[in-house]
Amino acid sequence: DIFKAKEKLENFPEVEEIDYISREKALEAFKEKHKNDPQIMDALNEIGNNPLPASLNVRASSAQSYAAISNFFEKGEFKNLVEKVNYRQNRLIIEKLFSISALIKKGGLAISLFLIFIAVVVTLNTIRLAIYAKRKEIEIMKLVGATDGFVRGPFLIQGILLGLFAGFLSFMVFYGVDILFPSEGSLIFAELGFSNFFGKNILLFLLIQIGGGIILGAISSLVAIQKYLKI
């Protein structure tokens, strides 16, 4: 049956995710989709019972993997139980979507690296300017016996605070996209591979963003202190 097919599919290395859609759930989704079409709704009421079968939505790791999964249903032991496999008619669309997905991932990585570079440069220059603005105070502190750690501490804290702010701002951008454009945001996050993570672990995602920002800010400020603070 369909559960046995699902169990076998789960052992396929090409399969990333399988969703079982029951007949009841399929009918509910169909009604929701066509609720504004009276002809379809009337026809459905005329039928009386649920005409929709249970189904499996399979997500593969690559566009090429769908061919093997399709053959499993069309030529394997379950071929007599399967009414329809919609891979063949959607093959070009699937391949196009995977191509777009690859571009999004590469673009996302490039943008992330660029933003990290910008954050580091901003932190370095901010700390450098702060050191320059307080150079006389630093000289006075050293004259009265301030330790190196005491002098460096405020600049390190400033870098950490900058990183914390950057991490929180990054989180708010993702959260804003998800709130303002829920369907588009879900697609973007899915293509980047962490839609479920963001949706179900929002606090953990916030901590990761802020923690990463703090670490980046601390490292950047330490580099700036080492380079520009001569004590």
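Residues numbered from 1 in each chain as written. Predicted model: local features only at pLDDT ≥ 70, side-chain atom pairs only at ≥ 80, totals over all residues. Heavy atoms only, no water.

K.L.:
If you had to explain the side chain of Gln209 to someone new, which residues and values would you point to?
P.N.:
By secondary structure assignment, the location of Gln209 is in helix H10 (residues 202-228). Ignoring sequence-local partners within four residues, the contact set of Gln209 consists of Gly167, Ser170, Phe171 and Phe174. (Helix = DSSP H or I, 4+ residues; strand = E, 2+ residues; numbered from the N terminus. Contact = heavy atoms within 4.5 Å.)

K.L.:
Residue-level account of the packing of helix H1 (residues 2-9) against helix H4 (residues 65-75), with values.
P.N.:
Taken N-terminus to C-terminus, the directions of H1 and H4 make an angle of 145°; their axes are 12 Å apart at the nearest point. Between H1 and H4 the crossing geometry is right-handed. For the pair formed by H1 and H4, the contact residues are Ala5, Lys8 and Leu9 on the first element and Ile69, Phe72 and Phe73 on the second. Taken together, the residues of the contact of H1 with H4 break down into five nonpolar, no polar and one charged. (Axes fitted to C-alpha atoms, helices over the stretch in contact; angles between N-to-C directions. Left-handed = near helix turned anticlockwise from the far one by under 90°. Nonpolar A, V, L, I, M, F, W, Y, C, P; charged D, E, K, R; others polar.)

K.L.:
Could you give an account of the pattern of salt bridges, with specific residues and numbers?
P.N.:
Scanning all chains against the criterion turns up three salt bridges. Of the charged contacts in the structure, one is a salt bridge between Lys35 and Glu32, with a shortest N-O distance of 2.9 Å. Its salt-bridge partner being Asp148, residue Lys142 comes within 2.7 Å of it at the nearest N-O pair. Accessibility expressed as a relative area gives 31% for Lys142, which makes it partly exposed. For Asp148, a relative accessible area of 32% translates into the label partly exposed. (Salt bridge = Lys/Arg side-chain N within 4 Å of Asp/Glu carboxyl O. Buried < 20%, exposed > 50% of the residue type's maximum accessible area, 1.4 Å probe, protein only.)

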